[in-house]
Amino acid sequence: MLEYTDLKSPIHKLTGATKLIALIIWAITAMVTYDTRVLILMFILSIVFFKISKVKFKDISFVLYFILIFLLINNIAIFIFSPYEGVEIYKSRTDLFHLVGNYNVTLEQVFYQFNVTLKYFSIIPMALLFMVATNPSEFAASLNRIGVSYKIAYSVSIALRYIPDVQRDYMEISFAQQARGVDMSKKEKLIKRVKNMSTILMPLIFSSLERIETVSCAMELRAFGNKKKRTWYSGRKFENGDYIAIAFMIILFIVSLVITLNNPDKRFYNPFI
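Cut-offs used in this document
- Residues numbered from 1 in each chain as written.
- Predicted model: local features only at pLDDT ≥ 70, side-chain atom pairs only at ≥ 80, totals over all residues.
- Heavy atoms only, no water.
- Domains from an automatic or database assignment.
- Contact = heavy atoms within 4.5 Å.
- Buried area = accessible area lost by both parts, 1.4 Å probe.
- Salt bridge = Lys/Arg side-chain N within 4 Å of Asp/Glu carboxyl O.
- Polar contact = N/O pair within 3.5 Å; in protein donor to acceptor, adjacent residues only side chain to side chain.
- Helix = DSSP H or I, 4+ residues; strand = E, 2+ residues; numbered from the N terminus.
- Phe/Tyr/Trp six-rings, centres within 6.5 Å; stacked < 30°, edge-to-face > 60°.
- Buried < 20%, exposed > 50% of the residue type's maximum accessible area, 1.4 Å probe, protein only.
- Expected span 1.5 Å × (residues − 1).
- Axes fitted to C-alpha atoms, helices over the stretch in contact; angles between N-to-C directions.
- Parallel < 35°, antiparallel > 145°, perpendicular 65-115°, else oblique.
- Left-handed = near helix turned anticlockwise from the far one by under 90°.
- Nonpolar A, V, L, I, M, F, W, Y, C, P; charged D, E, K, R; others polar.

A.B. asks: I tried to follow the domain arrangement of the protein on my own but got confused; where do I start?
C.D. replies: The figure often quoted for interface size is the accessible area lost as the parts come together. Considered domain by domain, the protein is made up of domain 1 (10–134 + 238–262) and domain 2 (140–222). For domain 1 and domain 2, the distance between their C-alpha centroids amounts to 26 Å. The interface is formed by 10 residues belonging to domain 1 together with 10 residues belonging to domain 2. At the boundary of domain 1 with domain 2, total buried surface from both sides reaches about 800 Å², with 76% on carbon and sulfur atoms. In this assembly, domain 1 and domain 2 are joined by zero salt bridges. Counting across the interface, domain 1 meets domain 2 through zero residue pairs in polar contact (both at pLDDT 80 or more). Contributions of two or more residues to the side of domain 1 that touches domain 2 are made by helix H2 (16–32) and helix H4 (61–81).

Printed below as a string of structure tokens:
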């Protein structure tokens, strides 16, 4: 479940604003480069940060399952629509084996899709870590402190706070559907399981809309948004650890940019030269 867990770790001690700034810089770094060396370094660092945070992968295994399915579908789609993208990028072609028709698996395409997957694997752990290691209320206060409107900050806070509730609703509806005989286990074929899982969406959407209306009415009754400023119970000031974390991310971005620009093919590291 993607919900905040209060653990004693250096990651949890950072303010919400620091984590957001670090995540943005991290994501930009991963998006800018296709250098395999940089992406592998980022992936290793993301695992290290996860380890430091003391958050266990098994606590978010449900989410990781869907992420892996998405990555598999994404890679299949890339190959179907651009089977020779890697050949065009790396200016060489090494056929591994033939599939059907005009589809040949090339070493360059495999390497290109490996880099695309590596991009996801370098960003996703950090995004998940941000969600499970950031107190929504404290995060909203931190955003407001760096100049973001408190209305926007509070909206983000509510979104983060209700992610676990939406997941919980999903599980409850899933159990209810299974009790009615809708099989979502591994005994069913994949296509049938996906079709059965779609029966959860409509009840989930309606329950989410009901929650939105309840929260909106509660905020309106409390005159939310009538004043230009507000105080925060969970607000925290930046400490040395926050400045060190932001500085580390900026240095990583600069190093990545230098390595990427020094490549002959700019964004792409080409081992086939």
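More follows now that the structure is in view.
A.B. asks: When you look at the packing of aromatic side chains in this model, what are you seeing that I'm missing?
C.D. replies: Any two aromatic rings considered together are summarised by their centre-to-centre distance and by the angle between their planes. Considering all chains together, one arrives at 12 aromatic pairs under this definition. Ring centres of Tyr 34 and Phe 268 lie 4.6 Å apart, and the angle between their planes is 20 degrees; on these two criteria the pair is classed as stacked. Taken as a pair, Tyr 34 in the loop between H2 and helix H3 (36–53) and Phe 268 in the segment after helix H11 (240–261) lie far apart in primary sequence, 234 residues in all. Phe 268 gets classed as buried once you look at its relative accessible area, which sits at 17%. With a centroid separation of 6.3 Å and an interplanar angle of 90 degrees, the aromatic rings of Tyr 90 and Phe 268 are classed as edge-to-face.

A.B. asks: I keep staring at H3 and nothing clicks. Help me out?
C.D. replies: For an α-helix, 3.6 residues make a turn, and residues three or four places apart therefore share a direction. Along its 18 residues, H3 runs 26 Å from first to last C-alpha, staying within 8% of the 26 Å computed at 1.5 Å per residue. Looking at H3, one finds that the buried residues are Thr 36, Val 38, Leu 39, Met 42, Leu 45, Ser 46, Phe 49, Phe 50 and Ser 53. Residues of H3 that are buried make contact with helix H1 (10–13), H2, helix H6 (107–132) and H11.

A.B. asks: Would you explain the packing of H2 against H3 in this entry?
C.D. replies: Each pair of packed helices can be summarised by the angle the axes make with each other and by the distance between the axes. Taken N-terminus to C-terminus, the directions of H2 and H3 make an angle of 155 degrees; their axes are 10 Å apart at the nearest point. Classified by the interaxial angle, the pair formed by H2 and H3 is roughly antiparallel. You can see that H2 and H3 cross each other, and the crossing is left-handed. Facing Trp 26, Thr 29 and Ala 30 of H2, the residues of H3 in contact are Leu 39, Met 42, Leu 45, Ser 46 and Phe 49. Here the contact of H2 with H3 is built from residues that sort into six nonpolar, two polar and no charged.

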